[in-house]
Amino acid sequence: MKSEKEIAEEMALVVEQMRLDDIEDNPDIIDEYFDCDCCGQNKCLAGSIEYDGYRLCNDCVLLAETGFALNKIKSVKELIDAIEDRHLADLVKFVRDEEKRENN
Ligand SMILES: [Zn+2]
């Protein structure tokens, strides 16, 4: 069994690789932005993914994929609703803390 931390670290690598692959396929994507359906911010298209009609930015993809991997959410709709009413704040904080650690 992998720990939650190991799973989160793996997902961070996978999701970052998606972003790098998008940029490699289409370098112009760096200048292409859209409004994320999850966090509502204007984010780069690189590394974004569409799930069930919702387009998520790379940061939210990381939340979604980590949430799925840790069985904290079952659908992207659940993540979007959770972010709206903040009951997944712990998951968000967990993923953000992991990111900070990697960036240091
Ligand atoms: Zn987002």
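Residues numbered from 1 in each chain as written. Predicted model: local features only at pLDDT ≥ 70, side-chain atom pairs only at ≥ 80, totals over all residues.

1. Here we look at the overall build of the protein
Within the protein one finds four helices and four strands. Secondary structure elements of the protein occur, N-terminal to C-terminal, as α-β-β-β-β-α-α-α. Of all 104 residues assigned to the protein, the portion counted as buried reaches 28%. Partitioning the intrachain contacts of the protein with sequence separation of at least 6 by distance along the chain shows that 43% fall at a separation of at least 24. (Helix = DSSP H or I, 4+ residues; strand = E, 2+ residues; numbered from the N terminus. Buried ≥ 20, exposed ≤ 12 C-beta atoms within 10 Å, placed from the backbone. Contact = placed C-beta atoms within 7 Å.)

2. Looking at helix α1 (residues 4-25)
For α1, built from 22 residues, the straight-helix expectation of 32 Å at 1.5 Å per residue is met to within 8% by its first-to-last C-alpha distance of 31 Å. Within α1 the residues assigned to the buried category are Ala8, Met11, Val15, Arg19 and Asp22. The arc that holds every buried residue of α1, seen down its axis, measures 75°, which confines them to one face. Among the exposed residues of α1, those oriented more than 90 degrees off its buried face are Glu6, Leu13, Gln17, Leu20, Asp21, Glu24 and Asp25. (Expected span 1.5 Å × (residues − 1). Arc of directions from axis to C-beta.)

3. Regarding the nonpolar core
Grouped together as the largest cluster of nonpolar side chains are 17 residues, with contacts concentrated most on Leu56, Cys60, Val61, Ala64 and Leu79. Of all the secondary-structure elements, those providing two or more residues to this core are α1, α2 (58-69) and α3 (76-85). The leading source of residues in this core is α2, at five residues. Leaving out residues up to four positions away in the same chain, Cys60 has contacts with Cys36, Cys38 and Cys39. (Core = buried A, V, L, I, M, F, W, Y, C linked by C-beta atoms within 7 Å.)

4. A look at α2
Here α2 contains 12 residues, and its C-alpha end-to-end distance of 16 Å stays within 8% of the 16 Å for a straight helix at 1.5 Å per residue. Taking burial as the measure, the 12 residues of α2 include nine buried ones, the bulk of the element. Of all the positions in α2, only Asp59, Cys60, Val61, Leu62, Leu63, Ala64, Glu65, Thr66 and Gly67 are classed as buried. One or two residues past the end of α2 sits Asn71, with phi positive at roughly 60°.

5. Looking at unusual backbone geometry
Positive phi, normally seen in glycine, also occurs at Asp52, with a value near 45°. Within the secondary structure, Asp52 sits in the loop between β3 (49-51) and β4 (54-56). With 9 C-beta atoms packed within 10 Å, Asp52 lands in the exposed category. You will see that Asn71, though not glycine, has its phi angle at about 60°, which is positive.

6. Observations regarding the confidence of the model for the protein
Model confidence for the protein is summarised by a mean pLDDT of 89, while 87% of its residues fall at 70 or above. By mean pLDDT, the top-scoring element of the protein is β4 (97), and the lowest-scoring one is helix α4 (residues 89-103) (70). (pLDDT = per-residue confidence, 0-100.)

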